[in-house]
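Architecture and fold: a report
Residue-level listing of the chains:
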Amino acid sequence: MNKLKLGIPKGSLQESTIKLFKKAGFNITLNGKSYFPSIDDDEIECMLIRAQEMSRYVENGVLDAGLTGKDWVLENNSNVREIANLVYAKQGLGRVKWVLAVPNDSKIKSIKDLEGKKIATEAVNLTKKYLKKNNVNADVEFSWGATEVKPPKLADAIVEVTETGSSLRANNLKIIDTILESTTRLIANNSAMKDKWKRTKIERIAMLLEGAIMAEEKVGVMMNVMKKDLKRVIKILPALQNPTISELSDKDWVAINTIIDENVVRNLVPKLKEAGASGIVEYPLNKIIL
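Everything in this summary refers to the structure shown in the same document. What you see is a predicted model, and the numbers here were worked out from it, not measured in a lab. (Residues numbered from 1 in each chain as written. Predicted model: local features only at pLDDT ≥ 70, side-chain atom pairs only at ≥ 80, totals over all residues. Heavy atoms only, no water.)

**A few points about the packing of helix 1 (residues 14-24) against helix 6 (residues 196-215)**
Relative orientation of the contacting elements helix 1 and helix 6 amounts to 100 degrees, with a least axis distance of 8 Å. With respect to helix 6, the element helix 1 is oriented roughly perpendicular. Two secondary-structure elements touch here, helix 1 through Leu20, Phe21, Lys23 and Ala24 and helix 6 through Ile205, Leu208, Leu209, Ala212, Ile213 and Ala215. Grouping the amino acids of the contact of helix 1 with helix 6 by side-chain chemistry returns nine nonpolar, no polar and one charged. (Axes fitted to C-alpha atoms, helices over the stretch in contact; angles between N-to-C directions. Helix = DSSP H or I, 4+ residues; strand = E, 2+ residues; numbered from the N terminus. Parallel < 35°, antiparallel > 145°, perpendicular 65-115°, else oblique. Contact = heavy atoms within 4.5 Å. Nonpolar A, V, L, I, M, F, W, Y, C, P; charged D, E, K, R; others polar.)

Printed below as a string of C-alpha cells:
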C-alpha cells in the first residue's frame, strides 16, 4: 500500500492542528510519549516534529509533507513546495508576528539604536536578514527559550514571535517593530510532488484542511418562508453564494438554506423572523468546499 509520510507540528501548534484535522475528517490519536500518532487513514503515516525543524525534514525527504509556519521555512531557507496557506495559530484563526521588542524603559526607540547591541532570538537567520536590510550591525544570540526574560541583563532586545502580545506586556516589554507576519503552511517535498499518487493525496488533504478553515467562523442557517415574503427575506440575507431555495409540499412556502458568518447570526435571526421567516435553524459546519 502507498503511504504518505506526514509531519504534525509538535508543541504550540499541536493541539490546534489535531483539531483542524478532525474537522477535515481525520482523527489523529496521540499514543503516550510516542512520536508516531495514529490516524484513521491507512494511507497516511504521521510523525510529530517540532515546527522549527519541519521544513528541513520535508526538504530532505524524511517526510513527504508537513505543517509548519512560513517563518520557519524562511528561517531554514528550505526548498519545499507550499501547498496551502492555512490561517490558524495556537489560539485560533489568525497570524503570528515576529517582533523586535525592548524593555519599556529602554532608550532604544528603533532598529537604528541597536548598532553594536545584543539581540536574543530563536530566529537567528530571520533577525540577521532584518539587520542587514536596515544596515545595522548587532550581535544576534540564539535563545533556547524564555526569551522574554533576557532583557535587559542578558540582551538589549529580543526578536520574538507573538499572537496577542500578552506575554511581552507581562514581561514589561514593548514592540518597536514588526519583522515578519506568518501563517501555518502545508508544505511538501519536491520529489513527493512529482509522484502522482502522493501529489493527489497531498492536494486532497489540502482541500479538506482549507475547507475546515473556511468553515471555522461560519454556520449554516435554514428556514421556511412564504413565497410572498421571499424577496424581503432574501434582501436582508447575506450568503457565501446565492442561497439554496427549495419548494415545499405546501406550494405557498419555500425552504431556504444558506451559509453566513457566525458573528452576524444573533443580529440576523430577529430580522429574519420579522421579515416572515419561520422554523429558523442554525447548525455548525465542518467544511466548506468551493
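**So, the nonpolar core**
Leu6, Ile8, Phe21, Leu67, Leu86, Leu186 and Leu209 are the most contacted members of the largest nonpolar core, which totals 28 residues. Looking at this core element by element, the count peaks at six residues for helix 6. Residues Ile111, Leu114, Tyr130 and Val159 belong to the second largest nonpolar core, which totals 19 residues. (Core = buried A, V, L, I, M, F, W, Y, C linked by side-chain atoms within 4.5 Å. Buried < 20%, exposed > 50% of the residue type's maximum accessible area, 1.4 Å probe, protein only.)

**Regarding the environment of Leu48**
With respect to the helices and strands, the residue Leu48 is situated in strand 4 (residues 44-50). The exposure class assigned to Leu48 is buried, which follows from its relative accessible area of 5%. Spatially, the C-alpha atoms of Leu48 and Lys10 are 5.3 Å apart, while their sequence positions differ by 38 residues. In contact with Leu48, other than residues within four places in its own chain, are Ile8, Lys10, Gln14, Leu30, Ser34, Tyr35 and Pro37.

**Points about helix 4 (residues 124-133)**
The complete set of buried residues in helix 4 reads Val124, Leu126, Thr127, Tyr130 and Leu131. For helix 4, the arc enclosing every buried residue in end-on projection is 165 degrees, short of the 170-degree limit, so these residues lie on one face. In helix 4, the exposed residues that point more than 90 degrees away from the buried face are Lys132 and Lys133. The first or second residue beyond helix 4 is Asn135, which carries a positive phi of 55 degrees. (Arc of directions from axis to C-beta.)

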